[in-house]
Each structure stands twice: as structure tokens, then as C-alpha cells.
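A structural walkthrough
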Amino acid sequence: MSATMPVPRNLIAGEWVEPAPPTIDVLDPATGEVVTRIPDTPADGVDAAVAAARRAFVYWGEVSEFERAKLLHRLADLVRGDLDELSRLITVEMGKPIGESRGETAKLADAFDYYAEEAVRVYGETIPNEAAGVTSIIRYEPVGVVGAITPWNYPLELIGWKVAAALAAGCTIVVKPSEYVPSSAVRLFALLEPAGIPPGVANLVLGADVAGRALAEHPGIDKLAFTGSTDTGAAITRSLAKALPTSMELGGSCPLIVTASADVDAAVAGCLRRGFRNAGQICIAINRVYVHSSVHREFVDKLTEAVSKLSVAPGLDDPDVGPVTNRDIVERCSEHVAAAVRDGGMVTTGGAPLDRPGTWFAPTVVDHVPADSVLATVETFGPVVGVTPYETTEEVVAFANGTDAGLAAYLYALDLNEVFTIGHALEFGNVAVNNPDAGIMNAPYGGRKGSGHGYEHGREGLRGYLVAKHLRIKYSR
Ligand code: ADP
């Protein structure tokens, strides 16, 4: 085990505690070696964290927005000051290229700054009443104690969006990070005290599904913010202790449409970035590509050439593509490619796991994937893209909308008619046209259909941690 990993402990009410013996191995996906071992916090450890957050909420909700903003700005600065080590820990446990980890950590700091600024811009309303001498005021108040459960693909950002918005809103929070990537979270939570954030405002519990279930089912939380797989999101929804607000950011299986009018080179560059960045392990990764038959050959040839040139190496060497994070991803990539080939698809580059220690899958393009093949209907969450030619606009909209995924879709088209017709018809929460970046910090980011509900980012992201109060005041007799 590496001597440079932080001690894996829970942070509860500002104290570091060991809730149980460490039993869960955390691996470096580039080597398969154990880098640390964490406890699976039992239910009583989660109780303690929720109780600490409840106690802290009594005063944190009353701290002025300006003071909360100041502390979040300080936290942003501390994250920037610790960027090297936070980023290294992401790469060691998750595998992504170190340059991408540095980008993630920088964006985490930006999220704290963004929500610090939004904290002081939560405005209410005054509403006219039919009766004279009566006024109605709408106030936005913090929802209370938040439970947050996060996945492994963006270990810091997906915690940060929740912590930043919750704290800006005046909520307190208990975070359970993914058991695959705990150490960057431990290091991040060590920055809370120097930032001046009071004990108990943000608490950390380590573990896997025991801790996750105990938190999701806890009667003491007022909101649950979950990012993870569609299946786990559905399981959690069924097991909630009470009817409470939730935000669920679930799986994607995102389509890219390349029309006859597209700039094909731009579409290839977009597909390369959004299909293979983070080894395709992004909820908004391009997984299935629908290309008009008139540009299909050109697109596939150019994409194949570009993908075959991607460098694949351990993340600390900063390649284009690192290892995939765990064995499940290798297996799912293999299954989806094999099924696509059985269904008539053709691998044009990659197509198999790489034979080295750790968990690796070659960046892969499969052409002529039938629209009902598993590769074109189920999220792969790995470095695999399937291409399907199409003929008509109606057909491609039906392909894109034909799964339960509704998180993000991509469209490359220069014909304005196509941009608006297809852009409006897509049943997705985020549609990026002629660019591969569907999410920005100040726009609402959320899914539809099986991809979940609720928003992160933007004002809507903050609103999810606030509840409206209608204060109706009669002031004259
Ligand atoms: P991913 O594989 O994308 O991380 P998962 O849905 O498996 O997606 O995990 C997301 C988070 O949910 C992780 O922190 C995991 O430990 C947690 N988790 C897994 N199963 C459960 C469960 N039944 N209840 C609550 N949390 C869970």
C-alpha cells in the first residue's frame, strides 16, 4: 500500500473517526495493486454523521449568506492550493489522465466560487393579493440536512457540485463517496476546517452499499442527492424512508447525430473528445453515433484513424486514454462489442481488453451497429462508440429518442432547419449543437426519462437545495 495515501477515516462533527476496521480494498486501475483499504461504515456511523449535520443545521442555516459565501471562496482557494495532490489521488484510484484530473480539480474550485456568488443572489418575491391590506412574501429557505451519494467517474466534481450548492443554500450535508475513489474526498474534507467551515456542516462517511443504503434510507435527511447508475438510483428510490425531495443524475447512453450538412471534421473531433475522454466513463459520453448515409464512410474512416492514434497508458503519464476504473467496465465493453459484432457490426479499431495488469480496454469503434443492438441502446460507460448509418430526419430522431436515456445528446449540422427541427425534437435535458460540451457551470444540468430528475449547476442547481415559504401577512384591519 502506498504511504502517501490519506488515512481513510470519516469526518463527523469536525472529528476524524474510524467507524470500523478497513475491509474494502481500493485498487490502482493502472496496475491492479491495492493502494488503500477503507471501512464500510455501518448504520450507527451514518446515524452519527446525520445527527452531526442536524445539530450543525441549527446554526448554519442562520449564518448570513455573505458569510457562507466568504467561506466557500476560501475553500475554493484552498482547493487550488492543493491541486497537485488532489489531482494525483484522483488518478491513482480512478485512472484518468492526470491532465484531466487537474481539470476536474480546477473545476471543483470554480464550483465553490460559483455557488459562493450565487449564495447572495437568492431573491424572493412579493405577490399581490386580492384582499386589501394583505401581502404575500415568498422566501427561499434551506431544505435542511442533505444526504449525498456519489460515483467514481468524477470523484471530486460530483461531490463538489452538491457540497457547494448545499452549503450556499444554508443546508448541511453528509457525503458518501464511491468506495472505488475515497482518498481525494478525504483530502478535500481536510480543507473544510482551514476554510473556516464550522464542524458538522459537511460530514464524510466512507463505505460501499451498506453505508449508502443507511444514508439513503435515513429518516433524518431532508433531501437526497444521488449520482450513479440507473439501477442503483431506482433501488434507492424504492427504499427511501419518507417522501423527500431527491435529485437523481443517472446513466446516459448519449447519441451523436451527424447530418448530411455537418462539418464532418468537427463532428469527428467532437466524437473523439466526448466519446473517449475519461475513457468514455462519463454520464454524458457519446456512446452511439447516427451518421447520414451520404457522409457515413468519410466519418467512420476519419474517426477510426483518430481513435487508433489515441495514446493509452497509465494516467500519471498523461496519455489520451488511461485504464478503465474497474473489472465491470472491461466486461461490459467486451459484452457490448461482442453483441454488436454478432448483430452484424464491424470493429474498425480496438475491440478488446488490453493484456496488461490492471483494467484496460482498447479505444474502440464499431461500424454498422444495428439500431436495436445493445451497444446502441444501453450505456457502455467505457471507451467504445458504435456507429449506425441513417437516411431520414424522422428515422434519426426515432433512433436517438428510442431508449430510456434522456441526459445529453449531440448534433452536428450546419443547416439551420436541421439544427432547430432535430434540436427541438430530442428528448434530452442537454443538447449540444456543433460542439461536444453539453454542460457548463451556470446552466442547469439534468436528465429526463430514465436518466433521472433534478438539476445540478446553474441557479436551478441551487434551487434544488431551497424550499419556498409563502408568508401571507395581513397588515391592516
Ligand atoms: P457507479 O458504478 O457509477 O459508481 P453505482 O450506482 O454502483 O454507480 O454507485 C454509485 C454510488 O452509490 C456509490 O457511492 C455506491 O457505493 C452507492 N451505492 C451502491 N449501491 C447502493 C445502494 N443500494 N444504496 C445506496 N447507495 C448505493
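What you see is a predicted model; the values in this text were computed from it and never measured.

**Overview of the overall build of the chain**
A count of helical and extended segments in the chain gives 15 helices and 20 strands. On C-alpha atoms alone, the chain measures out to a radius of gyration of 23 Å, which is about the 23 Å that the 2.2 N^0.38 rule sets for 477 residues. The dimensions of the chain, computed from C-alpha atoms along their principal axes, are 75 × 65 × 40 Å. Relative to its 477 residues, the chain shows a buried fraction of 56%. Of the contacts made within the chain by residues no fewer than 6 positions apart, 72% connect residues no fewer than 24 positions apart. Accessible surface, the chain as shown: approximately 18,700 Å² in total, 53% of it carbon and sulfur. Once the 40 positive and 59 negative side-chain charges of the chain are each reduced to a mean point, those two points are 7 Å apart.

**Examining the nonpolar core**
By size, the foremost hydrophobic cluster in this structure holds 126 residues, and its most contacted members are F112, L188, F189, V289 and F299. Ranked by residue count, the leading element in this core is helix α5 (residues 157-169), at ten residues. Residue assignment places this core across two domains, with domain 1 (10-250 + 450-471) and domain 2 (254-440) each supplying three or more. Apart from residues lying up to four places away in sequence, V289 is in contact with L256, V258, C271, F299, V385, G386, V387 and T388.

**Some points on the layout of surface pockets**
Approximately 1,000 Å³ is the volume found for the largest pocket. F226, G228, S229, T230 and T232 are the residues nearest the centre of the largest pocket, which is lined by 41 residues in total. For the lining of the largest pocket, the secondary structure elements donating two or more residues are α8 (209-216), β10 (223-227), α9 (230-239) and α12 (327-342). The dominant element in the lining of the largest pocket, judged by the number of residues it contributes, is α9, at five residues.

**Some points on the site of the ligand**
Neighbouring residues of the ligand: 18 residues in total, closest T150, K176, E179, S229 and T232. Residue E179 places a side-chain N or O atom 2.6 Å away from an oxygen atom belonging to the ligand. A distance of 2.7 Å is found between an oxygen atom of the ligand and a side-chain nitrogen or oxygen belonging to S229. Protein coverage of the free-state accessible area of the ligand, which is 550 Å², stands at 82%. A molecule is said to occupy a pocket when more than half its atoms come within 2 Å of that pocket's grid points, and by this definition the ligand occupies the largest pocket. Of all elements in the fold, only α8, β10 and α9 reach the threshold of two or more residues within the shell around the ligand. In terms of residue count, α8 provides more of the shell around the ligand than any other element does, three residues in total.

**Re the side chain of N430**
The residue N430 is located in strand β18 (residues 430-433) in this model. Note on N430: relative accessible area 4%, which makes it buried. Excluding its chain neighbours within four sequence positions, the residues that come into contact with N430 are L407, A408, A409, A438, P444, Y445 and G446.

**Some remarks on the sheet that holds β18**
Pairing within the open sheet is mixed, and its seven strands lie in the order β14-β15-β16-β13-β12-β17-β18. The sheet terminates laterally at β14 (346-349) and β18, the two strands that pair on one side only. On average, adjacent strands in this sheet sit at an angle of 25 degrees to one another, irrespective of strand direction. Pairing geometry for strand β15 (residues 364-367) and strand β16 (residues 384-390), over three bridges, is parallel. Counted as the bridge partner of V365 is V385 from β16. Those strands touched by helix α11 (residues 293-308) are β12 (254-258), β13 (286-292), β14, β15 and β16, and its axis lies near 145 degrees from that of β13. In the packing of helix α14 (residues 416-425) onto the sheet, contacts are made with β12, β17 (408-412) and β18, and the angle to β17 comes to roughly 165 degrees.

**With respect to the domain arrangement of the chain**
When the domains of the chain are assigned, the result is domain 1 (10-250 + 450-471) and domain 2 (254-440). Its C-alpha centre places domain 1 at a distance of 31 Å from the equivalent point of domain 2. Taken together, the contact pairs 24 residues of domain 1 with 29 residues of domain 2. Summed over the shared surface of domain 1 and domain 2, the result is zero salt bridges. On the surface where domain 1 and domain 2 come into contact, there are eleven residue pairs in polar contact (both at pLDDT 80 or more). A total of five residues in the side of domain 1 that touches domain 2 trace back to one element, the largest contributor, which is helix α3 (residues 83-94). Broken down by class, the residue content of the side of domain 1 that touches domain 2 amounts to ten nonpolar, nine polar and five charged.

**A closer look at the side chain of E118**
With respect to the helices and strands, E118 occurs in helix α4 (residues 98-119). Overall, the relative accessible area of 7% leaves E118 in the buried class.

**Some details on the pattern of salt bridges**
Applying the stated criterion across every chain yields a total of 27 salt bridges. The shortest N-O distance in the salt bridge between E65 and R68 comes to 4.0 Å. Of this pair, E65 and R68 are both found in helix α2 (residues 65-81), three residues apart, which corresponds to roughly one turn of the helix. R139 serves as the salt-bridge partner of E141, at 2.8 Å between the closest nitrogen and oxygen. Looking at E141, the relative accessible area reads 16%, which means it is buried. Residue class for R139 comes out partly exposed when judged on its relative accessible area of 42%. Each of D77, R80, D110 and D113 takes part in a single network of salt bridges with overlapping partners.

**With respect to the packing of α2 against α4**
For the pair α2 and α4, interaxial distance at closest approach is 8 Å and the crossing angle is 170 degrees. Taken together, the axis directions place α2 and α4 in an arrangement best described as roughly antiparallel. Mapping the contact onto sequence places E65, A69, L72, H73, L75, A76, V79 and R80 in α2 and T105, L108, A109, D110, F112, D113, Y115, A116, E117 and A119 in α4. Counted by class, the contact of α2 with α4 contains eleven nonpolar, two polar and five charged residues.

Criteria and thresholds
- Residues numbered from 1 in each chain as written.
- Predicted model: local features only at pLDDT ≥ 70, side-chain atom pairs only at ≥ 80, totals over all residues.
- Heavy atoms only, no water.
- Helix = DSSP H or I, 4+ residues; strand = E, 2+ residues; numbered from the N terminus.
- Rg over C-alpha atoms; globule rule 2.2 N^0.38 Å.
- Buried < 20%, exposed > 50% of the residue type's maximum accessible area, 1.4 Å probe, protein only.
- Contact = heavy atoms within 4.5 Å.
- Areas by Shrake-Rupley, 256 points an atom, 1.4 Å probe, with all protein chains shown as cover.
- Lys, Arg positive; Asp, Glu negative; His and termini not counted.
- Charge placed at Lys NZ, Arg CZ, Asp CG, Glu CD.
- Core = buried A, V, L, I, M, F, W, Y, C linked by side-chain atoms within 4.5 Å.
- Domains from an automatic or database assignment.
- 1 Å grid on protein atoms, 1.4 Å probe; cavity = no way out; pocket = protein on both sides within 12 Å on 5 of 7 lines; lining within 4 Å.
- Points joined across faces, edges and corners; volume = space filled by probe spheres on them.
- Near = heavy atom within 4 Å.
- Polar contact = N/O pair within 3.5 Å; in protein donor to acceptor, adjacent residues only side chain to side chain.
- Sits in = over half its atoms within 2 Å of the grid points.
- Pairing = 2+ DSSP bridges.
- Axes fitted to C-alpha atoms, helices over the stretch in contact; angles between N-to-C directions.
- Salt bridge = Lys/Arg side-chain N within 4 Å of Asp/Glu carboxyl O.
- Nonpolar A, V, L, I, M, F, W, Y, C, P; charged D, E, K, R; others polar.
- Parallel < 35°, antiparallel > 145°, perpendicular 65-115°, else oblique.

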